[in-house]
Amino acid sequence: MASQSGRTYNDAIDALNSLQTPYAIVEARRKAGIRPDAASIAEMKVYLRRIGYAPSDLKRLNIVHVAGTKGKGSTCAFAASILSQYQKAYSVPSKLGLFTSPHLIAVRERIKINGASVSEELFARYFFEVWDKLGEAEEREGQEIVDQRLGIPMPTRPVYSRYLTLMSYHLYLQEGVDCAIYETGIGGEFDATNIVENPVASGISTLGIDHVFALGNTIEQIAWHKAGIMKTGSPAFTIQQAPEAAKVLQERAKEKGVILKVLDVDPRLEGVRIRPDALFQKKNASLGIALAEAVLQKLDPNTPIDSSRLPQQFVDGLEQVVWRGRCEVKVEGPIIWHIDGAHTVDSLKMATRWFAGECAKRTGPKALIFNQQGRDEAVHFLEGMLSSLRAQGQGPFEHVVFCTNVTYAETGYKRDFVNYQYDPAAVKALTAQRAFADKWSALDPQAKVVVLPTIEDAINHVRTLGKTSVGEGETLQALITGSLHLVGGALSILEGVDAF
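Residues numbered from 1 in each chain as written. Predicted model: local features only at pLDDT ≥ 70, side-chain atom pairs only at ≥ 80, totals over all residues. Heavy atoms only, no water.

A.B. asks: Just give me the short version of the sheet that holds strand 7 (residues 236-239), but keep the residues and values in it.
C.D. replies: Ordered by their spatial adjacency, eight strands build an open sheet running 4-3-2-5-1-6-7-8, and the pairing between neighbours is mixed. A strand with exactly one partner marks an edge of an open sheet, and here the two such strands are strand 4 (116-117) and strand 8 (260-263). Pairing between strand 1 (residues 63-67) and strand 6 (residues 201-204): four bridges, direction parallel. When the bridges of strand 6 are listed, V66 appears paired with G203. On top of the sheet, helix 6 (residues 160-174) reaches strand 1, strand 2 (96-99), strand 3 (111-113) and strand 5 (179-183); it is set at about 20° to strand 3, its chief contact. In the packing of helix 9 (residues 243-256) onto the sheet, contacts are made with strand 6, strand 7 and strand 8, and the angle to strand 8 comes to roughly 150°. (Pairing = 2+ DSSP bridges. Helix = DSSP H or I, 4+ residues; strand = E, 2+ residues; numbered from the N terminus. Contact = heavy atoms within 4.5 Å. Axes fitted to C-alpha atoms, helices over the stretch in contact; angles between N-to-C directions.)

This is the structure we're talking about:
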């Protein structure tokens with residue numbers, strides 16, 4: 001916890017890390033079946049009031065709210081990039097916010113204004129303003145019990161991700177942001193971002209199975225949660241979904257009196273360079289277009305919408321979008337790094353298919369660096385990756401590396417990457433990584449599989465392979481995928497940067 005004299009960015013991150021829920025408590029709640037519910041939203045509203053706002057104040061932010069299992073971050077990035085181009089041309093919106101999670105390298109990346117992460121100084125200032133307001137409110141009002149079932153007072157400050165959501169509202173309102181795009185954290189109905197009452201528009205990207213403890217283990221249950229972001233009086237958009245998910249979305253839309261528009265791939269994308277050039281990304285782009293159009297019509301009702309062609313600002317926004325850690329290619333001597341965060345079995349198959357397409361015209365060995373920490377089911381994701389690679393007519397990975405999300409060999413986690421929600425004993429013992437290695441070796445006995453303790457060790461291992469395993473005219477094709485914490489740590493090491 002930060003002292004009164006400690007008010008730097010690093011002090012803020014240390015204080016923020018103190019709000020993480022420790023692994024032992026996470027496990028105890030899981031075993032007791034305690035999940036996010038309506039009390040979570042009620043508590044967020046109390047915290048919002050304690051820092052001086054009502055939910056109605058959030059109307060000033062003209063929020064675009066996006067949920068989904070796959071593609072929600074890309075959808076947010078497309079919408080933000082389009083609006084950024086309009087901002088340059090017409091000064092609409094005047095200030096554009098983008099709130100996403102998780103971060104790749106620095107926590108402050110989660111809160112962007114006009115396409116840039118907020119500065120360390122700005123982050124620290126607003127972080128401690130919220131910190132102090134919450135402490136002073138509890139001293140003044142006393143502890144409050146929201147969830148009467150447990151009878152336990154709510155903490156002085158919300159947990160990590162909820163605190164950042166709360167802080168983002170304060171920061172955006174104080175900085176005069178007049179449009180903010182918010183990506184949900186987990187689910188939608190009980191997510192911390194869902195205290196917004198009147199979004200300009202809501203969007204739901206592709207749905208799949210993920211976060212089963214919190215959301216349920218069927219597509220119908222997950223769709224119910226995601227649909228929670230739709231609000232009466234606000235337009236809502238989604239893309240083609242599995243029939244079971246589509247049915248639930250439409251049922252919930254009807255309950256809320258919302259017209260949910262289901263989008264096909266926008267025909268105006270013909271000739272627009274979407275990266276990667278794949279159907280899933282064109283669906284994300286189509287959703288981003290619809291959300292951007294809704295914002296512009298709200299901020300400037302005279303904005304023309306051409307149903308036959310996209311304005312140049314839309315084209316530029318779509319083609320120039322930057323969404324780090326997704327389908328990135330970096331050349332480093334004889335190594336071509338392919339970097340794509342993917343956390344579900346379906347997204348890992350997509351990542352592998354993208355990688356196979358990138359490798360199609362090249363020769364040389366392939367290497368994989370993978371991790372998914374704290375998810376027992378992740379061991380079953382590996383078979384889908386291998387089968388996807390083979391289905392694309394590609395040979396297997398000759399070299400496979402499983403590592404933890406610990407950043408550096410000597411100093412451990414970068415401060416912004418500290419995570420108390422994983423079993424520290426399992427991380428130290430490389431429990432998950434050894435399970436991955438055993439599974440992969442069973443699937444492909446010819447692969448050279450290694451387990452390493454840090455991301456830095458894994459990258460250095462592949463760099464050594466680039467010097468010793470590549471023939472004349474060949475390149476080493478390396479895929480880094482799985483956890484976004486892994487991807488962020490890898491990018492931090494490969495680029496030697498501290499934030500994006």
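The structure having been displayed, the exposition proceeds.
A.B. asks: Got a sec to walk through empty space enclosed by the protein? Specific residues and values, please.
C.D. replies: According to the stated counting rule, one finds one cavity of 30 Å³ or more in the structure shown. Of the pockets and cavities examined, the largest cavity occupies roughly 40 Å³. (1 Å grid on protein atoms, 1.4 Å probe; cavity = no way out; pocket = protein on both sides within 12 Å on 5 of 7 lines; lining within 4 Å. Points joined across faces, edges and corners; volume = space filled by probe spheres on them.)

A.B. asks: Mind laying out the packing of helix 5 (residues 120-141) against helix 6, listing which residues take part and the relevant values?
C.D. replies: In the contact formed by helix 5 and helix 6, the axes pass within 9 Å of each other and the chain directions differ by 110°. Judged by the angle between their axes, helix 5 and helix 6 are roughly perpendicular. Along this stretch, helix 5 crosses helix 6, giving a crossing that reads as right-handed. Mapping the contact onto sequence places L122, F123, Y126, F127, E129, V130, W131, K133 and L134 in helix 5 and Y163, L164, L166, M167, H170, L171 and Q174 in helix 6. (Parallel < 35°, antiparallel > 145°, perpendicular 65-115°, else oblique. Left-handed = near helix turned anticlockwise from the far one by under 90°.)

A.B. asks: Summarise the sheet that holds strand 13 (residues 448-452); cite the residues concerned and give the values.
C.D. replies: In spatial order, the strands read 9-10-14-11-12-13; together these six strands make up an open sheet with mixed pairing. Each edge of the open sheet carries a strand with a single partner, namely strand 9 (328-332) and strand 13. Shown here is a sheet whose adjacent strand axes are inclined to one another by a mean of 20°, direction ignored. Pairing geometry for strand 11 (residues 366-371) and strand 14 (residues 476-482), over six bridges, is parallel. Each bridged residue has a counterpart across the sheet, and for N371 the counterpart in strand 14 is G482. Taken strand by strand, helix 17 (residues 484-495) contacts strand 9, strand 10 (335-341), strand 11, strand 12 (399-403) and strand 14, and its axis lies near 145° from that of strand 10.

A.B. asks: If you had to explain helix 6 to someone new, which residues and values would you point to?
C.D. replies: Compared with an ideal rise of 1.5 Å per residue, which puts 15 residues at 21 Å, helix 6 spans 21 Å between its outermost C-alpha atoms and is within 8% of the ideal. Burial analysis of helix 6 places 13 of its 15 residues in the buried class, which makes it a mostly covered element. Where helix 6 terminates, the next one or two residues include G176, which has phi positive at roughly 75°. (Expected span 1.5 Å × (residues − 1). Buried < 20%, exposed > 50% of the residue type's maximum accessible area, 1.4 Å probe, protein only.)

A.B. asks: Lay out unusual backbone geometry with the relevant residues and their values.
C.D. replies: Here the residue pair S101 and P102 is connected by a cis peptide bond, since its omega of -10° sits within 30 degrees of zero. Within the secondary structure layout, P102 lies in the loop between strand 2 and strand 3. Cis geometry marks the peptide bond from R275 to P276, where omega comes out at -10°. Its place among the elements puts P276 in the loop between strand 8 and helix 10 (279-299). Here the phi dihedral of N62 falls at roughly 45°; this positive angle occurs in a residue that is not glycine. Positive phi values are uncommon outside glycine, yet N114 reaches one of about 50°. For N114, the location among the structural elements is in the loop between strand 3 and strand 4.

A.B. asks: Help me get a handle on helix 11 (residues 312-319), residues and values and all.
C.D. replies: Across the eight residues of helix 11, six count as buried, placing the element largely inside the fold. Residues of helix 11 that are buried include every one of Q313, F314, V315, G317, L318 and E319, and no others. Against helix 4 (72-90) and helix 10 lie the buried residues of helix 11.

A.B. asks: Now, about the side chain of T75: what can you tell me, with residues and values included?
C.D. replies: Structurally, the position occupied by T75 is in helix 4. Polar contacts involving the side chain of T75 include one to the main-chain carbonyl oxygen of G71, which spans 2.8 Å. Not counting residues within four places of it along the chain, the set of residues in contact with T75 comprises V66, S205, N284, L287, G288 and L291. (Polar contact = N/O pair within 3.5 Å; in protein donor to acceptor, adjacent residues only side chain to side chain.)

A.B. asks: Residue-level account of the layout of surface pockets, with values.
C.D. replies: A probe matching the size of a water molecule, rolled over the atoms, marks out where space remains unfilled. A volume near 510 Å³ is recorded for the second largest pocket. Residue lining of the second largest pocket: 25 residues in total, with L98, K112, G115, V322 and W323 positioned closest to the centre. Put simply, the parts of the chain that give the lining of the second largest pocket at least two residues each are helix 4 and strand 2. With seven residues, the top contributor of residues to the lining of the second largest pocket is helix 4. Partitioned by chemical class, the residues of the lining of the second largest pocket number 10 nonpolar, nine polar and six charged. (Nonpolar A, V, L, I, M, F, W, Y, C, P; charged D, E, K, R; others polar.)

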